[in-house]
Amino acid sequence: DLTVSVLYCIIKMRTLTLAACLATATAAVHTAPFVPNEEMFRDWLAEGGETIYNPSSFPEVRLKVAKRIAQMASDTLKDQASMYNLMSWFGRGSGIDATTLAADLERLGESESLDGFVRVSKEVADSHYAALNRKQEEGAPYRPLGKNEYPYWNVIPSIPGAAKAGGNFTFANAACKENTVSTVREGSEYIITFKGDKCDLLHSGDVYLLATVKGVHFMKVSYYSREQTIKWSTANLTQAESYDITTKGVRFLAFPHDEVELVVNILATVNLFLQPEAGKYPDFPDEKVEKANVDFLTKYAQIQPPMVPRGPINESNPTNVDPDLIQTGDFIGVIRLDGLDPMLAWAMGSTTGHTTIAVRDATTNELFVCESTTNSSYWPTNGVQKTPYTTWIKQAEAAGYNAVWAPLDPAQRAKLNVTAMWEFFSTVEGLQYGYHTLLWGWIDTVADNYPCVAPDYKHCLQWGHVEVLFPLVSAVVPAVGELIFNEAWNFRLNTTGLNAPEMYMHAETVLNISSNTIPTIVERDEWMYHTTRYGKPVVGKSMVCCVFVCNMWKHGGLFGDTDFNCGEMTNLDDYDLDIFDKTKMNDGRPDVCKQKDPNNQNCQLCGPYTLNYNHYNSAPIYDHMAEKCPTWTPGVGPNYWGPGKQQGTC
């Protein structure tokens, strides 16, 4: 391997010159793109011992992909070619003392062969990696993996430009300060020439992903490989794929760190989601995973007050609220510190990742918790469901839920028609969770709803990532593509059966709108999706948790004749409404709640960590609410509570 050979030669200057070492680095020529498909995806999973038995099960796909990525990241960190960089990187940032680092470098210098160099570097890096983990477990407060305090999702690339036939663009990056990309078309190939200048000899290299809606190509650029040529084939493209590369080119996605830090950040991010005993029911979140998720929420979503332990963090710490106090229409918000809920909270601007509603039986007065959720390693039932409260609270405690009860204002509760609520529920009970609409209720704007990475919030998810990522997802897991975006986007364009590239072309050539506006089109409550009910195919509503809660209130008459779509509501949009009982907040809470959580404005039912609602009970109800609300300001940070929310104008 060139990298290991160069490092070996540099350290062994007594026998080989640096010039001789650098002479081995030549301009590279690559053939692209790599075009993934479903079979390749299954093979990739199988290489890690993973198999997806139900491709339509988003929780199964999510868990197994996360496990496979974590395995790959770990293997990459321990790969022989990466060991010297890894050892140096950890040595610079992990608290390894200088004496130990010097001794390790001396061991590397004494290696008598390339194989010996690789073996010793692996041993050294493994010891540093172990030392870093020991430091993390012993110290407080929580410190994430690696030297970066903000590793989570810190892999989102920038998009400095796109290679279009006959064009060129320039940009700066870490390894090479001046980069030029020029492109010509020769027959069925785009010849893309990359030239880096003012390159740092000691930098391990910049990492790029080149992408279209059809395929991808990874490229690494350093001092030793600063001139590269990519021959990108345009053969066998569909009309829509050809339109994409002709009009938008081959996108250059520039990752924000060198390969070692990039892999460490991937591992830290994936570890937010991975439970040691995932798949075993009931599955209480792992203590270290919970701490990592609290660290993530505090730094990225800027949650205030920060979540702190309510007691032993490996216990549910129930408050034992009298169920007779909970009434129809009351809201119960939840966050489980398992990676998914915190990710959704960060993106939406909420402090919860799941929402439920309390409803009493009109005849027996029995209390139920109604919700839209999925069965998993911590929850036994799938889809839209009702659970007796006494059963639900036990399941919530076993699952590690942090759950907070918010009573409706009596005047608002008086508006509710309980019979109408149950009638609506009877039409949707058993429907699959609303994956079709999972992402699109909170994408209201072209650029100001995609989450950004702390601490400077300059690296943000953007439409350019989604535009190329989603067609590739459809290629490798078609069922997930159909579930997450295909049908929802077709509704927005009044089309049927088009795939993502076809929808992009249709939007721009037929409807004369930019493809980046597709997700911003309002989710209509009357849209009916191809889904399942009790596991059997049906056409029906597709509702995530907060959309379901809103629909229960709406069909019960809470909003009167207000003209809006529940499909646009997020967790925050549910509980920031000015509909809750102010007299039951703070000192007005039941004594048991005040004793258990003296500083919470609401009553927390259970959970290892405190949960406080942000912007609670403060937003007006208005026509078309939550349709055009920004939640992020790139380069500034979260903007969950802007003037539009406060004044009822977005």
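Residues numbered from 1 in each chain as written. Predicted model: local features only at pLDDT ≥ 70, side-chain atom pairs only at ≥ 80, totals over all residues. Heavy atoms only, no water.

Student: I'd like to hear about helix α15 (residues 463-476), residue by residue, with values.
Tutor: In this model, α15 (14 residues) spans 20 Å end to end at C-alpha, consistent with the 20 Å of a helix rising 1.5 Å per residue. Along α15, 11 of the 14 residues are buried, which leaves the element largely enclosed by surrounding structure. If you check which residues of α15 are buried, you get W463, G464, H465, V466, E467, V468, F470, P471, L472, S474 and V476. (Helix = DSSP H or I, 4+ residues; strand = E, 2+ residues; numbered from the N terminus. Expected span 1.5 Å × (residues − 1). Buried < 20%, exposed > 50% of the residue type's maximum accessible area, 1.4 Å probe, protein only.)

Student: Tell me about the pattern of salt bridges, residues and numbers included.
Tutor: Under the definition given, this model contains 22 salt bridges. When salt bridges with common partners are traced through the structure, they connect D244, K248, R251, E467 and E508 into a single cluster. (Salt bridge = Lys/Arg side-chain N within 4 Å of Asp/Glu carboxyl O.)

Student: Explain the sheet that holds strand β10 (residues 331-335) residue by residue, including any values.
Tutor: What holds strands together in a sheet is hydrogen bonding between their backbones, with the strands either parallel or antiparallel. The strand order β13-β12-β11-β10-β14-β17 describes an open sheet built from 6 strands, whose pairing is antiparallel. At either end of the open sheet lies a strand with only one pairing partner, and these are β13 (383-388) and β17 (603-606). Averaged over all neighbouring strand pairs, the angle between strand axes comes to 30°, with direction disregarded. Looking at chain direction, β10 and strand β14 (residues 402-406) are connected through 5 bridges and run antiparallel. Each residue of the ladder has a partner; that of F331, found in β14, is A406. Across the face of the sheet, helix α18 (residues 545-555) comes into contact with β10, β11 (354-360), β12 (367-373) and β13 while running at roughly 30° to β11. (Pairing = 2+ DSSP bridges. Axes fitted to C-alpha atoms, helices over the stretch in contact; angles between N-to-C directions. Contact = heavy atoms within 4.5 Å.)

Student: I'd like a description of the confidence of the model for the chain, backed by residues and values.
Tutor: Reading predicted coordinates in detail is not appropriate for stretches of low pLDDT. Scored by pLDDT, the chain comes out at a mean of 85, with 83% of its residues at no less than 70. Between residues 1-27, whose pLDDT stays under 50, and residues either more than four places distant or in other chains, the model counts 39 contacts. Considering only residues more than four positions removed or in separate chains, one finds that residues 78-96, a stretch of pLDDT under 50, has 59 contacts. (pLDDT = per-residue confidence, 0-100.)

Student: I'd love a proper account of empty space enclosed by the protein, names of residues and values included.
Tutor: All told, the structure shown has 8 cavities of 30 Å³ or more when counted by the stated rule. Here the largest cavity is characterised by a volume of approximately 110 Å³. What lines the largest cavity is a set of 16 residues, and nearest its centre among them are M348, L438, W442, V544 and C546. Sorting the residues of the lining of the largest cavity by element identifies α11 (340-348) and α18 as the ones contributing at least two each. Here the lining of the largest cavity gets 3 residues from one element, more than from any other, and that element is α18. (1 Å grid on protein atoms, 1.4 Å probe; cavity = no way out; pocket = protein on both sides within 12 Å on 5 of 7 lines; lining within 4 Å. Points joined across faces, edges and corners; volume = space filled by probe spheres on them.)

Student: Outline the side chain of D576, supporting the account with residue identities and numerical values.
Tutor: Relative to the helices and strands, D576 resides in the loop between α19 (571-575) and α20 (591-596). Look at D576 and you get buried, because its relative accessible area is 0%. Among all residues touching D576, those that are not within four sequence positions of it are H615, Y616, N617, S618, A619, W641 and K645.

Student: A description of the nonpolar core should follow, citing residues and the corresponding values.
Tutor: Ranked by size, the top nonpolar core spans 107 residues in total, and within it L297, I357, W489, F548, W553 and F580 carry the most contacts. What W489 contacts, discounting residues up to four positions off in sequence, is W440, W463, V466, F470, A500, M503, Y504, I518 and P519. Grouped together as the second largest cluster of nonpolar side chains are 21 residues, V369, W379, A403 and C593 included. (Core = buried A, V, L, I, M, F, W, Y, C linked by side-chain atoms within 4.5 Å.)

Student: Summarise the pairing of strand β8 (residues 227-233); cite the residues concerned and give the values.
Tutor: Only one face of β8 is covered, namely the one carrying Q228, I230 and W232; the face carrying E227, T229, K231 and S233 has none of its residues buried. In the sheet, strand β1 (residues 28-32) pairs with β8 via 5 bridges, with the strands oriented parallel. Residue pairing across strands places T31 opposite K231, the latter belonging to β8. Taken together, the 7 bridges between strand β5 (residues 189-199) and β8 define a ladder with antiparallel strand orientation. Its bridge partner being in β8, F194 is matched across the sheet by Q228.

Student: Now, about the state of the cysteines: what can you tell me, with residues and values included?
Tutor: A complete count under the given rule lists 5 disulfides for this structure. One disulfide bridge connects C550 with C566, the sulfur atoms lying 2.2 Å from each other. Disulfide C550-C566: torsion about the S-S bond near -70°, hence left-handed. Note that C550 is positioned in helix α18 and C566 in the loop between α18 and α19, a separation of 16 residues in sequence. The burial state of C550 is the same as that of C566; both residues are buried. Between the sulfur of C629 and that of C650 lies a disulfide, 1.9 Å long from S to S. Torsion about the S-S bond of the C629 and C650 cystine: about 85°, corresponding to right-handed handedness. Here C650 lies in the segment after α21 (643-647) and C629 lies in the loop between β17 and β18 (632-633), a separation of 21 residues in the sequence. The exposure class of C629 is buried, given its relative accessible area of 6%. Each disulfide of the chain joins two cysteines, and with those cysteines numbered along the sequence the arrangement is 1-2, 3-4, 5-6, 7-8, 9-10. (Disulfide = S-S within 2.5 Å.)

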